[in-house]
Amino acid sequence: MFKRVLVANRGEIALRIIRCLRELDIESVVVYSTADEQSLPVMLATHSVCIGPARADESYLNEDAVIETALKMNCDAIHPGYGFLSENAGFARKCEKHHLVFIGPSSEIIEKMGDKQAARKLMQQNGIPVVPGSKELITDAEEAAKIAEEIGYPVLIKASAGGGGKGMRRAFDRAEVLKAFEMAKAEAKAAFGDDSMYMEKLVLKPHHIEFQILADTFGNITYLGERDCSIQRRNQKLLEESPAWILNDALRKEMGETAVKAAKAAGYYSAGTVEFILDDEGNYYFIEMNTRIQVEHPVTELITGVDLIKEQIRIAAGMKLTHTQDEIKIKGHAIECRINAQNVGKVDFIHFPAGYGVRVDSHLYTGYEVSPYYDSMIAKIIVKGNTRLDAIRRMRRALEELILEGISTNAEFMYLLMYHPAFIKGNYNTAFWDEHSETIMKWEEEGRSGGNE
């Protein structure tokens, strides 16, 4: 097992990793920017090293500074968390070159699966269904328009190196393709340094279903159920739950085994997520594989009892999975709400919910200064119930207990979402935000005004 691991991230995921390392008796080294000097990960890590100013490209994305710190601090490995350098094949390659274990798959696997178009080809070669789309990367807007005509509208223009909804645009006719292609290409270049683009047929109002997998270097691969991530705003997830209400046992097993097949095709090891879209007729299509731990991993941990970060570290240390597929049992129902800051500033007071079946992953504390330089997610409220309705009721209670003064958040929206009929029935897809957000925001406004016009 490792003796010392560098955590190349910040916020709640850095804190999550540091806590796991402590339980494994592994020393932690956290790198941080000047903006995060007073953060909990810096306070709780065994060692902490400032590597640059607030801007991510001068600190958390500074590959050489991260590597240099890991070597200087005699680290055995680097855990990238999610975001930042977690799916950067070049960074993983640098780790390998300097004999530092990258806690994740190899640079070759990241490269293979990170190129969305190459991943599509690999899946097709292995009999895994994919959404119809362009066969090669698209070089310019005119070519994109031509391919769109062949595929048929509507289409989805996507960055091959993309993720998190960046470099992605919908188009319903030729004019929209020409405009959207250039916008997506520019956004991809700015976000990923790679403006390679491809195109897929846009499946309207699908369900976004992802399967968590774990694979070791001995060829053992398991899937740990699925998460429904269909409630999204501008391709950014707001809520995740497991099991997915839309799946029956037969389809769950089929899709889970397909996820394992996809991982085998990639020669995958570590924690990873295979993402599908699913239509109302039960047809599903591979869209991508995330070669890292997911923001929503606690949902899976609550219903399986498997510590995914701990498994990820064990796999990187050359150990076998602690379980077989037959030993994975789904118990109960879990829901995660992402709490996002809607402005920056000082947290004057915070009280997190607690009690049976409630988990909170956050780096906030009273007096913490929310920075404008990083992602707006400041907490994750996760609950587990015996049934889906139990979980919904527990989430309502948890969100009622949440007190956060000094900054505004989306917590009230998430609370009201727990009362929306379409959500309660489990009858929702990726169109939920477009179809129902105005109603929920109207409820919010009415609540603030006391119901008076």
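In what follows, the structure referred to is the one given above.
What counts and how
Residues numbered from 1 in each chain as written. Predicted model: local features only at pLDDT ≥ 70, side-chain atom pairs only at ≥ 80, totals over all residues. Heavy atoms only, no water. Helix = DSSP H or I, 4+ residues; strand = E, 2+ residues; numbered from the N terminus. Rg over C-alpha atoms; globule rule 2.2 N^0.38 Å. Buried < 20%, exposed > 50% of the residue type's maximum accessible area, 1.4 Å probe, protein only. Contact = heavy atoms within 4.5 Å. Areas by Shrake-Rupley, 256 points an atom, 1.4 Å probe, with all protein chains shown as cover. Lys, Arg positive; Asp, Glu negative; His and termini not counted. Charge placed at Lys NZ, Arg CZ, Asp CG, Glu CD. Core = buried A, V, L, I, M, F, W, Y, C linked by side-chain atoms within 4.5 Å. Pairing = 2+ DSSP bridges. Expected span 1.5 Å × (residues − 1). Bend = angle between axes of the 7 residues up to and from the residue. Polar contact = N/O pair within 3.5 Å; in protein donor to acceptor, adjacent residues only side chain to side chain. Phe/Tyr/Trp six-rings, centres within 6.5 Å; stacked < 30°, edge-to-face > 60°.

Enquirer: Mind showing me how you'd approach the overall build of the protein chain here?
Expert: The helix and strand tally for the protein chain stands at 15 helices and 22 strands. Relative to a compact globule of 453 residues, whose C-alpha radius of gyration would be 22 Å, the protein chain shows 21 Å and is just as compact. Out of the 453 residues in the protein chain, the part that is buried amounts to 56%. Partitioning the intrachain contacts of the protein chain with sequence separation of at least 6 by distance along the chain shows that 66% fall at a separation of at least 24. With an accessible surface of roughly 19,200 Å², the protein chain has 48% of that area assigned to carbon and sulfur atoms. Between the averaged position of the 54 positive side-chain charges in the protein chain and that of its 67 negative side-chain charges there is a distance of 3 Å.

Enquirer: Would you take a moment to explain the nonpolar core for this structure?
Expert: Across soluble globular proteins, nonpolar side chains show a tendency to be buried alongside one another. The biggest cluster of nonpolar side chains holds 37 residues, and the ones touching the most others in it are L239, M414, L417, M418 and F423. Secondary structure elements with two or more residues in this core: strand 16 (333–340), strand 21 (377–385), helix 12 (388–401), helix 13 (411–417), helix 14 (421–424) and helix 15 (432–448). Setting aside its immediate chain neighbours within four residues, M418 contacts L239, C337, I392, M395, R396, L399, F423 and I424. Within the second largest apolar cluster, 35 residues are counted, among which are A14, L214, L308 and I313.

Enquirer: Sorry if this is basic, but what is going on with the sheet that holds strand 3 (residues 47–52) here?
Expert: Backbone-to-backbone hydrogen bonds pair the strands of a sheet. The strands run either parallel or antiparallel. Spatial ordering of the open sheet is given by 3-2-1-4-5, a layout of 5 strands whose pairing is parallel. Two strands in the sheet have a free side with no partner beyond their single neighbour: strand 3 and strand 5 (101–102). Where strand 1 (residues 4–7) and strand 2 (residues 27–33) come together, 4 bridges link them in parallel fashion. Of the residues in strand 2, the one forming a bridge with V7 is V30.

Enquirer: Can you walk me through helix 15 in this structure?
Expert: Because an α-helix packs 3.6 residues into every turn, residues spaced three or four apart end up facing the same way. Given a rise of 1.5 Å per residue, 17 residues ought to cover 24 Å, and the 23 Å separating the end C-alpha atoms of helix 15 matches this to within 8%. The principal kink in helix 15, of about 30°, is found at E438. Residues of helix 15 that are buried include every one of F432, W433, H436, S437, I440 and E444, and no others. Of the surrounding secondary structure, the elements contacted by the buried residues of helix 15 are strand 11 (232–233), helix 13 and helix 14.

Enquirer: Any chance you could explain the side chain of R252 here in plain terms?
Expert: Structurally, R252 is set in helix 9 (residues 249–265). Within polar-contact distance, the side chain of R252 engages the side chain of D249 at 3.2 Å. Once residues lying within four places of it in the same chain are set aside, the contact partners of R252 are F211, Y223, E226, P243, A244 and L247.

Enquirer: Can you walk me through the packing of aromatic side chains in this structure?
Expert: Aromatic ring pairs are defined here through the distance separating the ring centres and the angle between the ring planes. Per the counting criterion, the structure on display carries 12 aromatic pairs. The interplanar angle of 75° and the centroid separation of 6.1 Å between the aromatic rings of F91 and F102 together place this pair among those described as edge-to-face. Separated by 11 residues along the polypeptide, F91 in helix 4 (residues 89–97) and F102 in strand 5 bring together distant segments of the chain. F102 shares its class with F91; the two are buried. A centroid spacing of 6.1 Å and a plane angle of 80° characterise the contact between F211 and F276, whose relative ring orientation is edge-to-face. Residue F211 is found in strand 9 (residues 207–215), and its partner F276 is found in strand 14 (residues 270–278); the two are separated by 65 residues along the sequence.

Enquirer: Could you clarify how one ought to interpret unusual backbone geometry in this entry?
Expert: Looking along the chain, the bond that leaves Y153 and enters P154 is cis, with omega of 0°. Relative to the assigned elements, P154 resides in the loop between helix 7 (141–151) and strand 6 (155–163). Backbone torsion omega between S242 and P243 reads 0°, so that peptide bond is classified as cis. Note that P243 resides in the loop between strand 13 (239–242) and helix 9. Phi is positive for F84, which is not a glycine, with a value near 45°. If you trace the backbone, F84 turns up in the loop between strand 4 (77–79) and helix 4. One non-glycine residue, R234, lies in the positive phi region at around 55°. Along the chain, the position of R234 falls in the loop between strand 11 and strand 12 (236–237).

Function-wise, these values are silent; they only describe arrangement.
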